[in-house]
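# Examining the three-dimensional arrangement
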Amino acid sequence: MSCERVPVAVFEDSKAASVAVARRIAEIMRAKAAEGKNAVLGLATGHTPVAVYAELIRLHKEEGLDFSNVVTFNLDEYWPIAPSVMQSYWAWMHEHLFNHVNVKPENIHIPPGEVKEAEIAKLCRQYEHNITKAGGIDLQILGIGLSGHIGFNEPGSARDSRTRRIVLDRVTRKAAASDFFGEENVPSMAITMGVGTILDAREICLLAFGEHKASIVQRSVEGEINATIAATYLQKHPNAKFYLDDAAAARLTRFETPWEMGSCQWDDMLERHAVIWLARKVNKAVLRLTDEDYVEHGLGELRARGGAYDINLKVFRYLMNTITGWPAGKSKKRRVLIFSPHPDDDVICMAGTMTRLVEQGHEVHVAYMVSGYLSVFDHDVSRYADFVREFNKIFGVMPEQSATIEQHIDKFLKQKRPGDIDTTEIQSLKGLIRRAEAIDAAKYCGIEESRCHFLDMPFYNTGKVQKLSIGEADISAVRKVLETVKPDMIFAAGDLSDPHGTHRLCGEAGFIALDQYLAAGNAKPELWLYRGAWQEWSPEQISMAVPLSPDELKSKRFAIFRHQSQKDRAMFPGPFDSREFWQRAEERNISTAKLYDDLGLPEYHAMEAFAVWPLKRPANHDQQMTKI
Ligand code: F6R
């Protein structure tokens, strides 16, 4: 029995889901062209549909997909905003699709971002009229906002709302903050198609990717229809479908509590997941769960496989074995390589474990994958420039060259507007600030400077939040450090859907490089994953939990503080959590220890958690996936 109130297709990854949607669009375009008619497409912007447009461009260039019979209507545009501004949806659509295909400029429609207030209502009516005149929308693509919006239909939008101006929700503005380099620069309003306008489309594909979307997706798919989540209105549409990646689908009942939907294919992983879920639900230690607890909470089928006593014991022993104060073992000294996507991920996620590895005599290296310059505030650059100026005055070092760069910094930063891309000089200076902080923090954990490797992967160096795809230079940077260190053990970030995609891209390059390294005959290292700065592993995924004492946790805090440019206020804190990274890290490590304690395992102050690669999934997981 499914709890889903709208059709859902779940794909292995966002690429597969995007290709499926692009193929559906191409199918409609071709069918309409064969009938001698226009295909009318409703288009979305944002981080989600990028790969759909990339695939459409590929189909156009490599397979001759023709856009000459395509008419497009975009969902929304910020207001007020000029089309020339980099963050406008007008600019975004041209950069990601229109400039690369043969769509006729007169067939492109985007809500007007630059109109005067008095004209908005008239132009919105005109927009609706143009959609009707074009014959209505054949296929509408949607993303979903963290507020549950589709288009910019924020909470409270009515089922029959039409194109109009709307005030953006706080959550939406926070989510857009990184694109605008600060929430304060995000326009407070937008012009959006209404819910009624969207629902008039003959077919709707909603895409959602990443773990940060999992909760709103679950509420939209399985919750009652209600005006506080506009996406729930799609449940009543005759031809709407959600296209999800694995991470965005994670909270759906079929993955979260599949036993509530009927018989399950049980294996160790699902068993562990169910037992931990049950213990938390009834607020008991694992070893205290009774047969009745299992039966009363829909886990009779699991209990029937062996009885509460044996199942409890099996899960308890597993969890007990994950706890270790010797993360690299005791038998021999090992070479350990930690991959840190940004310069501070290593200490945020595993400063305690890093320090312990060094203290236990292992050779610990850190590879910092991207420079991280994007999150350095301009005032920090000015401060360092002032320092250099004063230093040079006192010590008389290279006064001429130095003066040129100082003038450049002063001049550029004075005229810089929010969101302007930094010059390469300023990008380098910002990167340098982060590099020095990373060395300082690593040294604090006992790691020598010569064991800090800075890869400066080129995919990151766009000057914008939007990154390039992974290329050969990125992969070879990772391969080189593997060849230099020849690690016995690797630690890497395993959050594959961080808000800007940097961790995911670093992971992508890392896996390709590791395959090449192994193919060249090198010994296979152990691979452990930490979960990035945003989330922790779910308990059944944890394969190693390293306890930290109160003093060790305090010391970790000081390691994070060494990243001074990120202190007090992070440039990209994410939409939900305005705390600093050290606060999140502490809370997360303390909660993991508390969870172990609640489950009836030894009580520690804090714990850093790791999952072993390859990540395991319950056996029933694959059956729930859509193949393309
Ligand atoms: C964009 C739009 C919005 C986005 C949504 C998700 O045209 O209408 O509804 O689809 O905010 O944005 P991303 O994809 O950036 O997470």
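From a predicted model like this one, the values you see are computed outputs, not experimental measurements. (Residues numbered from 1 in each chain as written. Predicted model: local features only at pLDDT ≥ 70, side-chain atom pairs only at ≥ 80, totals over all residues. Heavy atoms only, no water.)

Before going further, it helps to examine the overall build of the protein. For the protein, the helix and strand inventory stands at 21 helices and 17 strands. In terms of C-alpha radius of gyration, the protein reaches 26 Å, essentially the compact-globule figure of 25 Å for 628 residues. Along the longest, intermediate and shortest principal axes, the C-alpha atoms of the protein span 80 × 75 × 45 Å. Relative to its 628 residues, the protein shows a buried fraction of 56%. Considering only residue pairs separated by 6 or more positions, the protein has 78% of its internal contacts joining residues 24 or more positions apart. A total of about 27200 Å² of accessible surface is found on the protein, and carbon and sulfur atoms cover 52% of it. Where the 76 positive side-chain charges of the protein centre and where its 85 negative ones centre are 1 Å apart. (Helix = DSSP H or I, 4+ residues; strand = E, 2+ residues; numbered from the N terminus. Rg over C-alpha atoms; globule rule 2.2 N^0.38 Å. Buried < 20%, exposed > 50% of the residue type's maximum accessible area, 1.4 Å probe, protein only. Contact = heavy atoms within 4.5 Å. Areas by Shrake-Rupley, 256 points an atom, 1.4 Å probe, with all protein chains shown as cover. Lys, Arg positive; Asp, Glu negative; His and termini not counted. Charge placed at Lys NZ, Arg CZ, Asp CG, Glu CD.)

Judged by nonpolar contacts, the single largest core of 74 residues is most densely connected at Ile25, Leu56, Leu97, Ile141, Leu234 and Leu244. Per element, the largest residue contribution to this core is 9 residues, and it comes from helix H1 (residues 14-34). Residues within four places of Ile25 in sequence aside, it is in contact with Leu41, Val52, Leu56, Leu139 and Ile141. Grouped together as the second largest cluster of nonpolar side chains are 62 residues, Tyr294, Tyr460, Val485 and Leu529 included. (Core = buried A, V, L, I, M, F, W, Y, C linked by side-chain atoms within 4.5 Å.)

Inspection of the region around the ligand gives 14 residues, with Thr48, Asp76, His149, Gly151 and Lys213 positioned closest. Looking at the shell around the ligand, its residues break down into 4 nonpolar, 8 polar and 2 charged. (Near = heavy atom within 4 Å. Nonpolar A, V, L, I, M, F, W, Y, C, P; charged D, E, K, R; others polar.)

By the alternation rule, side chains of strand E6 (residues 139-142) split into Leu139 and Ile141 and Gln140 and Leu142, which are all buried. As paired strands, strand E2 (residues 39-43) and E6 are joined by 2 bridges and run parallel to one another. Of the residues in E6, the one forming a bridge with Leu41 is Leu139. Note that E6 and strand E9 (residues 203-208) share 4 bridges and pair parallel. (Pairing = 2+ DSSP bridges.)

Next up on the list: the sheet that holds strand E16 (residues 544-548). Ordered by their spatial adjacency, 7 strands build an open sheet running E13-E12-E11-E14-E15-E17-E16, and the pairing between neighbours is mixed. The sheet is open, and its two borders are formed by strand E13 (452-454) and E16, each paired with just one other strand. Direction aside, the axes of adjacent strands within the sheet are offset by 25° on average. Sheet contacts for helix H16 (residues 424-444): strand E12 (363-368) and E13; angle to E13, the most-contacted strand, approximately 160°. (Axes fitted to C-alpha atoms, helices over the stretch in contact; angles between N-to-C directions.)

Here we come to the environment of His408. Note that His408 resides in helix H15 (residues 399-415). On the basis of relative accessibility, which here comes to 25%, the residue His408 falls in the partly exposed class. Residues within four places of His408 in sequence aside, it is in contact with Thr423, Glu425 and Ile426.

This paragraph deals with the side chain of His109. On the secondary structure map, His109 appears in strand E5 (residues 108-109). Looking at His109, its side chain comes within polar contact range of the main-chain oxygen of Asn107, at 3.3 Å. If we skip the residues at most four places from it in the chain, His109 touches Val71, Thr72, Phe73, Asn74, Tyr127 and Asn130. (Polar contact = N/O pair within 3.5 Å; in protein donor to acceptor, adjacent residues only side chain to side chain.)

This part is about the sheet that holds E9. The strand order E1-E10-E9-E6-E2-E3-E5 describes an open sheet built from 7 strands, whose pairing is parallel. Only two strands of the sheet have a single neighbouring strand rather than two, namely strand E1 (8-11) and E5. In the sheet, E2 pairs with strand E3 (residues 70-74) via 5 bridges, with the strands oriented parallel. Bridged to Leu41 within E3 is Thr72.

Along a regular strand, successive side chains alternate from one face of the sheet to the other. Of all 6 residues making up E9, 6 are buried, and the element is well covered by its neighbours. What you see with E9 is no split at all: Glu203, Cys205 and Leu207 on one side and Ile204, Leu206 and Ala208 on the other are buried throughout. The pairing of E9 with strand E10 (residues 240-245) spans 5 bridges and is parallel. Bridged to Cys205 within E10 is Lys241. Remark: the E9/helix H7 (residues 214-222)/E10 crossover connection has right-handed handedness. (Right-handed = clockwise from strand over helix to strand, strands pointing away.)

Right, let's talk about the domain arrangement of the protein for a bit. On domain assignment, one finds that the protein holds domain 1 (8-236), domain 2 (258-322) and domain 3 (335-376 + 422-612). Relative to domain 3, the C-alpha centre of domain 2 lies at a distance of 33 Å. Counting residues at the interface gives 14 residues for domain 2 and 14 residues for domain 3. Of the roughly 1200 Å² buried at the junction of domain 2 and domain 3 (both faces included), carbon and sulfur atoms supply 65%. There are 0 salt bridges connecting domain 2 and domain 3. Counting across the interface, domain 2 meets domain 3 through 6 residue pairs in polar contact (both at pLDDT 80 or more). When residues of the side of domain 2 that touches domain 3 are traced back to their parent elements, those giving at least two are helix H9 (268-282) and helix H12 (308-322). The leading source of residues in the side of domain 2 that touches domain 3 is H9, at 6 residues. Residues that form the side of domain 2 that touches domain 3 fall into these classes: 9 nonpolar, 2 polar and 3 charged. (Domains from an automatic or database assignment. Buried area = accessible area lost by both parts, 1.4 Å probe. Salt bridge = Lys/Arg side-chain N within 4 Å of Asp/Glu carboxyl O.)

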